[in-house]
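Structural features, examined
This is what each chain is made of:
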Amino acid sequence: MQHRHLNHQDFTLAAIDDIIGNGGRRDWSMLRRAALDNRNILNDVLRICAASTNEPVAQRYYFWKRYAESHLA
């Protein structure tokens, strides 16, 4: 996925936020693989989701929050 306003393909906080909020199944699959390979990405997912789960329509963020928590436990 070409992230909005980003000129790289790294899993930065901005890129993770964009993938969760705007990505499709293929993007989520890439994030999942990267997160399982790198525990720091799971921590970054939690940081992103913590800032976004206050919104009532943030189901994608709830999903990723639970996913990261289950794999960090």
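Here is a short report on the structure shown in this document.

About the cut-offs
- Along each chain, numbering runs from 1 in the same order as the chain's sequence is written.
- Predicted model: local features are reported for residues with pLDDT of at least 70 only, side-chain atom pairs are reported and counted for 80 or more only, and whole-chain, interface and lining totals are derived from all residues.
- Excluding hydrogens and water, the side-chain values take into account all heavy atoms of the structure.
- With a 1.4 Å probe rolled over the protein chains alone, any residue whose accessible area is under 20% of its type maximum counts as buried; one over 50% counts as exposed, and the rest are partly exposed.
- Numbering of helices and strands runs from the N terminus, with a helix taken as a DSSP run of H or I at least four residues long and a strand as a DSSP run of E at least two residues long.
- Between two residues, a contact is recorded if the distance between any of their heavy atoms is within 4.5 Å.
- Buried Ala, Val, Leu, Ile, Met, Phe, Trp, Tyr and Cys residues that are joined via side-chain atoms within 4.5 Å together make up what is termed a nonpolar core.
- When a carboxyl oxygen of Asp or Glu is within 4 Å of a side-chain nitrogen of Lys or Arg, the pair counts as a salt bridge.

With that out of the way, let us pick up helix α1 (residues 13-22). Among the residues making up α1, those that are buried are A15, I16, D18, I19 and I20. Against α2 (25-37), α3 (39-52) and α4 (59-72) lie the buried residues of α1.

The biggest cluster of nonpolar side chains holds 18 residues, and the ones touching the most others in it are I16, I20, L31, I41, V45 and W64. Broken down by secondary-structure element, the contributors of at least two residues to this core are α1, α2, α3 and α4.

Turning next to the pattern of salt bridges. Enumeration over the complete set of coordinates arrives at 2 salt bridges. Between E69 and K65 there is a salt bridge, with the nearest N and O atoms lying 3.1 Å from each other. Residue E69 and its partner K65 are both found in helix α4; the two are separated by 4 residues, about one turn of the helix. A salt bridge links E69 to R66, with the shortest nitrogen-to-oxygen separation between them at 3.4 Å. Remark: R66 and E69 occur in helix α4; sequence separation between them is 3 residues, near one turn of the helix. Residue E69 is classed as partly exposed on the basis of its relative accessible area, which comes to 30%. For R66, a relative accessible area of 55% puts it in the exposed group. Each member of the salt-bridge network shares a partner with another, and the members are K65, R66 and E69.

Before going further, it helps to spend a moment on the environment of C49. Note that C49 resides in helix α3. Separated by 12 residues in sequence, C49 and Y61 place their C-alpha atoms 5.2 Å apart. Not counting the four nearest positions on each side in its chain, C49 is found in contact with I20, Y61, W64 and K65.

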